[in-house]
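Chain by chain, the residues:
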6 protein chains.
Amino acid sequence: MTKTITTERQNRAANELRPLQIIPHFLPQADGSALICCGHTKVICTATIDENVPLFLKDTGRGWITAEYGMLPASANGRMRREAVAGKQSGRTQEIQRIIGRSLRAVIDMEKLGSRQILIDCDVIQADGGTRTASINGAYVALCLAINKLLNSGKISENPIREAVAAISVGIVNNTLFLDLDYPEDSGCEADINIVMSASQKLIEIQGTAEGSPFSVQQLTDLITLAQRGIGQIMQEQQKAIAASTTYLKNKF
Amino acid sequence: MTKTITTERQNRAANELRPLQIIPHFLPQADGSALICCGHTKVICTATIDENVPLFLKDTGRGWITAEYGMLPASANGRMRREAVAGKQSGRTQEIQRIIGRSLRAVIDMEKLGSRQILIDCDVIQADGGTRTASINGAYVALCLAINKLLNSGKISENPIREAVAAISVGIVNNTLFLDLDYPEDSGCEADINIVMSASQKLIEIQGTAEGSPFSVQQLTDLITLAQRGIGQIMQEQQKAIAASTTYLKNKF
Amino acid sequence: MTKTITTERQNRAANELRPLQIIPHFLPQADGSALICCGHTKVICTATIDENVPLFLKDTGRGWITAEYGMLPASANGRMRREAVAGKQSGRTQEIQRIIGRSLRAVIDMEKLGSRQILIDCDVIQADGGTRTASINGAYVALCLAINKLLNSGKISENPIREAVAAISVGIVNNTLFLDLDYPEDSGCEADINIVMSASQKLIEIQGTAEGSPFSVQQLTDLITLAQRGIGQIMQEQQKAIAASTTYLKNKF
Amino acid sequence: MTKTITTERQNRAANELRPLQIIPHFLPQADGSALICCGHTKVICTATIDENVPLFLKDTGRGWITAEYGMLPASANGRMRREAVAGKQSGRTQEIQRIIGRSLRAVIDMEKLGSRQILIDCDVIQADGGTRTASINGAYVALCLAINKLLNSGKISENPIREAVAAISVGIVNNTLFLDLDYPEDSGCEADINIVMSASQKLIEIQGTAEGSPFSVQQLTDLITLAQRGIGQIMQEQQKAIAASTTYLKNKF
Amino acid sequence: MTKTITTERQNRAANELRPLQIIPHFLPQADGSALICCGHTKVICTATIDENVPLFLKDTGRGWITAEYGMLPASANGRMRREAVAGKQSGRTQEIQRIIGRSLRAVIDMEKLGSRQILIDCDVIQADGGTRTASINGAYVALCLAINKLLNSGKISENPIREAVAAISVGIVNNTLFLDLDYPEDSGCEADINIVMSASQKLIEIQGTAEGSPFSVQQLTDLITLAQRGIGQIMQEQQKAIAASTTYLKNKF
Amino acid sequence: MTKTITTERQNRAANELRPLQIIPHFLPQADGSALICCGHTKVICTATIDENVPLFLKDTGRGWITAEYGMLPASANGRMRREAVAGKQSGRTQEIQRIIGRSLRAVIDMEKLGSRQILIDCDVIQADGGTRTASINGAYVALCLAINKLLNSGKISENPIREAVAAISVGIVNNTLFLDLDYPEDSGCEADINIVMSASQKLIEIQGTAEGSPFSVQQLTDLITLAQRGIGQIMQEQQKAIAASTTYLKNKF
């Protein structure tokens, strides 16, 4: 059996999130932006409105959300090769940017967004585990700010966001269930699951991998329960950041 | 609520697999190979033994399994662009070959495999949904045949395979839970989950996506139960193919 | 002088083709397809109708045939690097797909084909020498099936095929003239010539190379005579496969 | 004649720098790092120590400094294409990373650095003109911190830095000489010169371009005088940041 | 202090150009062309008229000049890798072709050129230092010949060339100022400056680099004076070649 | 029947070569070089000695010859895209450089060449048909000069050249057999054959293509006879150039 989920780890309980901070409008030149810090993991998320749509949506009146992801070469311990120099994005990079895009699209009404797309960029400046979930969480805030801009300018009349979306990783480390794995935990864990949920507590994405040691269906259920708790807390922080963004803009310029 | 899982679809019950056939030693020049046919989906899987290991395993005495995936341009309706002409593998291709590799590595004891790697190739010649799960299922057979070759030649003395691995997709179509989605079902479904399990009924990979419509934790649990049933049947077919392979070799050459 | 062409080699006479089998409609989702097996060499050939033409033919009313070629990584002894991973097609690959395209175009009346192109894909699943000639032979069958589809659907009213085309390799091994070289013969031969001919016994392509040992004009003439014999036999098999294809379709679906 | 250099522009005199802030140890996982903000232009600079040297320096006992440069896609108004997606670095990017590398190498004694290289990364998170000069200025600070780390750890015994280096742009806008051009000034200027100088007031790099309107030698001399003034002020800020870095480290961890 | 500029070097004074020869219409199939030989450095320069303009100039009525640069693999001592094989242009190549383009654009009235672009190609067949300045000098001649063709054909009515442009390198070798560095001088010099000037003696581009040893502002001024002298002589040779080009055409075809 | 081969074309008989000129040591920095002019077609050929061999020849004591081919963008009417900008060599380019390499290797004794390779570069500066055969003819001269250098320096003691090699194109234009097609003839011809022969009148390569109109075996034989005549004349010019090369070197430096 898996142990209870209260086992201690470095400075926080097994079911505790890392300190979370979301700074809206971090890059004011973008249509929407946020810096998200989850412990030592820091990601700059931006949303750019593009009044063109991909070819396959031409003349449908529907919009689209797409995402790109990158890491600064020195964002992790031991410099990574710059992908622009390598000449291509790695499989991992592409996998992550695909899940960011799908997660955001799942909560958007593309009819209401209208014939335009929003391009999300998530660039990791410091990496300590959980960069894909932090990217989704920060990207949602950047997306909301860009959509607010569309609403404020009258380009769209109804909010296309159906409900909030947030993501967190959970995993099994030394047979204990852990919430919000940092890099050392992630590297050493037996199983690692990224969960993306909506505000209505439904699953949008679940990506679990157990290269180390397969896990039972019961463990999966327990991990999802653990994730739900973290996702609720993250959504509160997202809302605070979105609410604060009006004030930010007033003060900043 | 989700309906019961017995709802009818084209020619088979909602909880029924497509006709499954695995032909071992399909490409006799490879160290291990199988053609797997799941309904209209057909994948050629091969395993090639390479006595070198990746750099990061040098001098560790441990081995590795890695996988590549491709589709013939005309394998799907409407010809796809050949990736060798495009000059790169798509994000989808890379995502799939990464999950194939991780799934197989999860059931292999790398110490027993010794300082060598096995390269898996999964090439789809006809695609009708479920190519990544068919690839895992066929690749496991090809891998077993290659390992048998290592055992027979005395290069390794103990079987490094801990237990069998198989995969299947499940999904929600019109609010009904379906096993083993074909392409029309996959395109139209609200949620789509690929599940990789071990013979001991533990989860190795779970990749669920609900771009269409988020699903509840209860639905997820029901879908996993459905998947377990299918995976059990697939493992029987894998075993038959592996058992038949000795005879095949005798007759063929 | 070169010896007579009846010298024995493994299981067949010097002037004998390898066992030849052509299975039409091998990939029924394609507009035309065939699996061709020449001894151990096996190639999947497909033809896809594309109602667009290349830019240089825009508004001319004329059509086009183009071809692509690939090999499964494990198709040959000793796995080859996947070209999609390498990021480009090799010089050899490009040379082969160019000759396939030219050979087919030589027998097609582009006016009668009308403003559309047919894309040929030849993917080698098992390679034992002669993959380029097998590709041409199988591609011709796939092309005929696609054209039959155009004729049956009324999209074109006249058959654009002027005459049949087939190809074979001939070479000099140990000073003996050989028909239809397999891989060991091809690697060890002094000179290697690929010949593409029309049903009217005219030359469409001739590609001869003598990196090992230059050959005389007399030898060339003898080799062409040898090739003509093989090409006649191949054309009979092509016709059988095309004739059989109607029955195939009736039975298969 | 060119006007005197005191002509007013938005919020600052023609000979005045934009507000300049350098935050050392911005990315503590790197061996050296700094965030530099020149007005709205913000660049993250890192220095990574690599104990290997490029091939051409093997067995010479000498070290090397090399630099890479990138921009976040949303760093400028109107999102730029991500270079990792484009598959290559633009000519402009390569030009900038070459000048950063040369500028830093000009002030380093490669014998004293010893057989290792330091990799500089400059990633622009917000761009408002002058990103190449800001990169050089921030990279010098990051480089000093990395070298301090080498000195503190005893890996090198003598400081390889001969003297400080800093850079600034000057230009002619509406016939007036301007220091430290922001993006609107840079786009509209007649001539634009980037000047890199050493603490001893010598020129290390000068890159002037007058696509708009050629300039006289007298104007060039006046612009260099103007640049010298700005470079002196920048070097003071660099020194403050380097001095502050010890305290930073104490407080931060 | 720097020594006087008359110090001797191999076969010529420090302030002397290498023998300069410009052969107009070297490649008569191009709209304009010249072979330029500066000592052992030889560059083929061509100008091709393209009646399309880049997207950003569409419907503006204005034209454009753009340049590409290459080196034959065997043009320098020790064969260089062919960039078409490497799959990309080096940073140095891109830097050079950008400066050629900017230098020529600086002397052209784009309104008078009209809605067309001229593509400049500079291909080095023998390299002995100064290839970028030789390219600019030869490209100017090729450009003039192409523009003459436009004028002669009546496609444009006014000459868009505002004034001549030429370029030369100067540098400090052993503390002496040198004009027109050849490769051994360039490799060994302390500082190296490329200067592009107009016929009115104004600066168009200045690119100075002192990776070896920073130089003073006074030295820079002296070097520019030295360059002006060389540029005057080059412009005479350019004019001779342009004047001779009519005769060439008469005799050649 | 095909007409006799004496039919007139522009300025020369159907069986006449274009004016042929070979200038040895055209690029004296290369180990061997020649400029070859066949009518308006001009190719710079160089040979570079590399004391390393490809991996597959390591420790065999045998050498290798390899070739690369390129065209200046403005070498043909209507500027071609620069392959270094396109990021890859076209299929045509690769096909040509492969035939150049094979043709030269066919006449070299790799044991006598010893453990080194010779890299051939053929760069077309003006293209008017027949660039691949001109490349082979000029490359042979460059190769001989490089080998003479090896012999003169004592690096090899025996000449590895078995016999001379030369190439020419022949074709059928308006049912007449033509020698040495220029570009207009090549574009309009019914069939086009490139023939590479040794001094002993044996075939090394034959590449015939009849996309326009298939040709008979008799026509092929006649075309080869025609080619032999041309090749004999080319070999005389090659010998003159090689003989002249000693004098060239004496006078030139």
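Let me begin by describing the structure that accompanies this report. Here the structure is a predicted model, which means the values were calculated and not measured.

1. What about the relation of the copies chain A and chain B?
Here comes step 1: Turning chain A through 180 degrees and shifting it by 0.0 Å along the axis lays it on chain B, with an RMSD of 0.0 Å. Here the copies are linked by what is in effect a two-fold axis. By C-alpha distance to the rotation axis, the residue of chain A lying nearest is Q207(A), at 2.3 Å.
Here comes step 2: A share of 100% of interface residues in chain A that are also interface residues in chain B marks the association as one of identical surfaces.

2. As for the packing of aromatic side chains
Residues and elements named next belong to chain B.
Here comes step 1: On inspection of all chains with the given rule, the structure shows six aromatic pairs over all chains.
Here comes step 2: Ring geometry for F56 against W64: centres 5.1 Å apart, planes inclined by 90 degrees, an arrangement best described as edge-to-face.
Here comes step 3: On the basis of relative accessibility, which here comes to 54%, the residue F56 falls in the exposed class.

3. Looking at the packing of helix α2 (residues 91-105) of chain C against helix α4 (residues 131-152) of chain C
All names here are of chain C.
Here comes step 1: Orientation of α2 relative to α4, taken along the N-to-C sense of each, is 40 degrees, at an axis distance of 10 Å. Overall, the two elements α2 and α4 adopt an arrangement that is oblique. Considering only the axes of α2 and α4, their crossing is right-handed. Together, R92, E95, I96, I99, I100, S103 and L104 of α2 and T131, R132, S135, I136, A139, Y140 and L143 of α4 make up the contact between the two elements.
Here comes step 2: Considering only residue class, the contact of α2 with α4 consists of eight nonpolar, three polar and three charged.

4. Quick notes on the interface of chain A and chain B
Here comes step 1: Taken together, the contact pairs 30 residues of chain A with 30 residues of chain B.
Here comes step 2: Roughly 2800 Å² of surface becomes buried between chain A and chain B when both sides are summed, with 53% attributable to carbon and sulfur atoms.
Here comes step 3: Our count for the contact surface shared by chain A and chain B stands at two salt bridges.
Here comes step 4: Residue R98(B) pairs with E95(A) through a salt bridge whose shortest N-O separation is 2.7 Å.
Here comes step 5: The set of elements that each furnish at least two residues to the side of chain A that touches chain B consists of α2 (91-105), β10 (191-198), β11 (203-209) and α6 (217-252) of chain A.
Here comes step 6: Of the residues in the side of chain A that touches chain B, the class split is twelve nonpolar, ten polar and eight charged.
Here comes step 7: Across five bridges, β11(A) lies against strand β11 (residues 203-209) of chain B in antiparallel orientation. By the bridge assignment for β11(B), E205(A) is matched with T209(B).

Here is what the cut-offs are and how they apply
- Per chain, residues are indexed from 1 in the order of the written sequence.
- All chains are assigned letters beginning with A, and all ligands numbers beginning with 1, in the order in which they are written.
- Totals for whole chains, interfaces and linings use every residue, but because this is a predicted model, local features are given only for residues with pLDDT of at least 70 and side-chain atom pairs only at 80 or more, for both listing and counting.
- Neither water nor hydrogens contribute to the side-chain values; these are computed over all heavy atoms in the structure.
- The superposition of copies rests on a least-squares fit of C-alpha positions from residues with pLDDT of 70 or more in both.
- Residue contacts are counted whenever heavy atoms from the two residues lie within 4.5 Å of one another.
- Each Phe, Tyr or Trp ring, with Trp reduced to its six-membered ring, pairs with another whose centre is within 6.5 Å; inter-plane angles below 30 degrees give stacked pairs, above 60 give edge-to-face pairs, and intermediate values give tilted ones.
- Burial classes follow relative accessibility: with a 1.4 Å probe on protein chains only, a residue under 20% of its type's maximum area counts as buried, one over 50% as exposed, and anything between as partly exposed.
- Helix axes are fitted to C-alpha atoms over the stretch in contact, other axes to C-alpha atoms as well, and angles between N-to-C directions run from 0 to 180 degrees.
- Each helix corresponds to a stretch of at least 4 residues labelled H or I by DSSP, and each strand to a stretch of at least 2 residues labelled E; elements are numbered beginning at the N terminus.
- Oblique is the label for any angle not under 35 degrees, not over 145, and not in the 65 to 115 range, which are roughly parallel, roughly antiparallel and roughly perpendicular in turn.
- The handedness criterion is simple: a crossing whose near helix is rotated anticlockwise from the far helix by less than a right angle is left-handed, and one whose near helix is rotated clockwise is right-handed.
- For this scheme, ten residues count as nonpolar: Ala, Val, Leu, Ile, Met, Phe, Trp, Tyr, Cys and Pro. Four count as charged, namely Asp, Glu, Lys and Arg, and the remainder, Gly too, count as polar.
- Two parts placed together each lose some accessible area; with a 1.4 Å probe, that loss summed over both constitutes the buried area.
- Should a side-chain nitrogen of Lys or Arg be within 4 Å of a carboxyl oxygen of Asp or Glu, the pair is scored as a salt bridge.
- DSSP bridges decide pairing: two strands pair if at least two such bridges lie between them.

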